[in-house]
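Overview (structure and organization)
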Amino acid sequence: MAFAAVERLVAWRYLRARREEGFISVIAGFSLVGIALGVGTLIVVMSVMNGFQIEMLRQMSSLSGQFGVQGGREGLDVSGDLLTRLKSVGGVIAAVPVVEGQAIVVAGQKVRGVMLRGISAEDIRARPPLASAIEGPPELRDRYRGLCRSDGPQPEWGTLKDFGDDFSLAIGRRLADLMGVKIGDRINILSPNSVSTPLGTIPRSAQARVSAIFCAGMYDYDSNFVYAPIADVQRLFDYGSRVNSVEIFVAETAPKSEVRRELTRAAGLQGWVFDWFQANLGFFSAIQAQTNVMFLVLTLIVLVAAFNIVSSLVMLVRTKTADIAILRTMGATRGAIMRMFLLDGVAIGGVGTLIGVVLGLAFARNIEAIRQWLQRTFDIVLFDETLYLLAEMPSHIEWREVAMIAFMAVFFALIASLYPAMRASRLDPVEGLRRE
């Protein structure tokens, strides 16, 4: 739709309300502010929800691999060439055998259920979320340790040098705080597997020493996961030489669907291949459902703000009746009159959308800093890591979504302007001069 220079000039003059038309300007201003707030809020919420899903999947992948090969009830036998076949798949960086199971840890009078995972020290070092807080480079070490902030003093983080010499443990910072343990302390571990003794059947148990404390930045891992040498965990769970699963780490640039097909072929009948999105499908489906509901609710807010343009333009048409009549007698067509008022409505919506996009992007890029400032200033908790599982509020801007939101807001403003514009174009010049 092309706008002539005279149409743009008249539309601009109509937007600059005179003193007696100040009320119309106030309504138009509220419409603009409403669209700006709606668009900005929609961008921020969608960025946070996208960031939450991406960060959760990234953390899971960096801790447990992008894929896994699961065995049956009796586990996987990796004594043959299974690991060799899996590692030979293109794009695979590492294939790590893991033994895991639920256990109970006892420290003094404190008891807690945990997920005990058997792994080697080399494999822990290969996973930055686990190793960085313990013995990573200074910049990574400070970053990961900062994710487990607390009011108390910083703990001793230990080392992985003697991990594997005996039944040693690497536990999460949150679990260490909950159990009241520190580096060098010994805790008892009870397995659900039982052993027969002259006194009857009792759970298998072992005493282990805390040798390292990690901080992965995910509350679930930092408070519930315990890592120990794989041989000790196999013995505690009576697994022999078998493992629960093999975790597969894949290069970021590798085509995931093709890698999965090759892994399935390499695993054969010994196990089935899964990815962490599939393994947590219910969790990620719930996040997607919440994202869709929030998008719908906030879109309705933008829609209501856009349709406030109707009232301001209808009042503008009533006050400009004589002007419209004069323009028509001077030769302005109905289409020209309609385009003038459409331009007014689209201008209000466009400026509001532009302001909303700028504010939304600014907030989305600095959401964690804003959250920290609000929490310090007002002493409130805005993002509880025990509920949301992450130590920092994530944000990921999808530019396609930003463009769609901006287009949607301008489109709503255009639709809202149609009725007042059509009403102005149908005004009879004689009737308009007579009203004046």
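1. Quick notes on the overall build of the chain
When you go through the chain residue by residue, the secondary structure sums to 18 helices and nine strands. Counting over 436 residues, the chain shows a buried share of 47%. In the chain, the proportion of contacts linking residues at least 24 apart, taken out of those at least 6 apart, comes to 80%.

2. Concerning the packing of helix α14 (residues 334-365) against helix α17 (residues 399-425)
Between α14 and α17, the shortest axis-to-axis distance is 7 Å and the interhelical angle comes to 155°. Classified by the angle between their axes, α14 and α17 sit roughly antiparallel to one another. In terms of crossing hand, the pair formed by α14 and α17 is right-handed. A class-by-class count of the residues in the contact of α14 with α17 yields 18 nonpolar, six polar and two charged.

3. So, the environment of A336
With respect to the helices and strands, A336 occurs in helix α14. Residue classification places A336 among the buried positions, given a relative accessible area of 9%. Once the C-alpha coordinates of A336 and S425 are considered, the two residues, 89 residues apart in sequence, prove to be 7.9 Å apart.

4. Observations concerning helix α13 (residues 321-329)
Along α13, the residues classified as buried are T321, A322, I324, A325 and L327. Backbone geometry just downstream of α13 places G331 in the positive-phi region, at approximately 115°.

5. Observations regarding unusual backbone geometry
When glycine is set aside, most residues are seen to have a negative phi, and most peptide bonds are trans. The phi torsion at D238 lies on the positive side, around 55°, for a residue other than glycine. Summarising the element assignment, D238 is placed in the loop between α9 (230-236) and β8 (245-250).

Rules used in this analysis
Every chain is numbered on its own, with residues counted from 1 as its sequence reads. With pLDDT at 70 or above as the cut-off, local features in this predicted model cover only qualifying residues; side-chain atom pairs require 80 or more to be listed or tallied, and sums for whole chains, interfaces and linings still use all residues. Remark: hydrogens and water are excluded; side-chain values derive from all non-hydrogen atoms of the structure. Only DSSP runs of H or I reaching four residues or more are called helices, and only runs of E reaching two or more are called strands; each is numbered from the N terminus. Burial status follows relative accessibility: with a 1.4 Å probe on protein chains alone, a residue under 20% of its type maximum counts as buried, one over 50% as exposed, and anything between as partly exposed. Residues count as neighbours in contact if any of their non-hydrogen atoms are within 4.5 Å of one another. Helix axes are fitted only over the stretch in contact, all axes being lines through C-alpha atoms; the angle between N-to-C directions runs from 0 to 180 degrees. An angle below 35 degrees is treated as roughly parallel, one above 145 as roughly antiparallel, one from 65 to 115 as roughly perpendicular, and anything else as oblique. Left-handed describes a crossing whose near helix is turned anticlockwise from the far helix through less than a right angle; right-handed describes the clockwise counterpart. In the scheme used here, Gly and all other residues not listed as nonpolar or charged are polar, with Ala, Val, Leu, Ile, Met, Phe, Trp, Tyr, Cys and Pro taken as nonpolar and Asp, Glu, Lys and Arg as charged.

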